[in-house]
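# Inside the fold
Listed below are the residues making up each chain.
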Amino acid sequence: TMKLTVNGEETTLEKPLTVGQLLVKRQVKLPEMVSVELNGSVLSREAYETTTLNENDQVEFLYFMGGGQ
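Read on for a plain summary of the structure. Note that the coordinates shown come from a computational prediction; the quantities given were computed from them, not determined experimentally.

Turning to the sheet that holds strand β1 (residues 2–6), a few remarks are in order. Strand order in the open sheet formed by five strands is β2-β1-β5-β3-β4, and the pairing between neighbours is mixed. For this open sheet the edge positions go to β2 (9–13) and β4 (41–42), each flanked by a neighbour on one side alone. Of the pairings in the sheet, the one linking strand β3 (residues 34–38) to β4 comprises two bridges and is antiparallel in character. Bridge pairing links leucine 38 to serine 41 in β4.

This is the structure in structure tokens:
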């Protein structure tokens, strides 16, 4: 198993996942509306399926809400 932090919460994974697989595992709604920050850097969407998470990574899901007045 490996540990990483997702949105400030320590999480344990049974096996290494890509960022895209983590979005599915966490059942993120509207993944196309979520930006992912990995260890302080925002990933491009193209990198979600090719970027594998590692032990002690810090992952933040950043949600952008539409709206206005």
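A word on the pairing of β1. The buried fraction of β1 amounts to four of the five residues, a majority that puts the element mostly inside the structure. In this sheet, β2 lies alongside β1 in antiparallel orientation, the contact comprising five bridges. Each residue of the ladder has a partner; that of valine 6, found in β2, is glutamate 9. Hairpin geometry of β1 and β2 is characterised by an intervening segment of two residues between the two adjacent antiparallel strands and by a positive phi of about 50° at asparagine 7. Where β1 lies against strand β5 (residues 58–63), two bridges are found, and the strand directions are parallel. Bridge assignment links valine 6 to a residue of β5, and that residue is valine 59.

Criteria and thresholds
Residues numbered from 1 in each chain as written. Predicted model: local features only at pLDDT ≥ 70, side-chain atom pairs only at ≥ 80, totals over all residues. Heavy atoms only, no water. Pairing = 2+ DSSP bridges. Helix = DSSP H or I, 4+ residues; strand = E, 2+ residues; numbered from the N terminus. Buried < 20%, exposed > 50% of the residue type's maximum accessible area, 1.4 Å probe, protein only.

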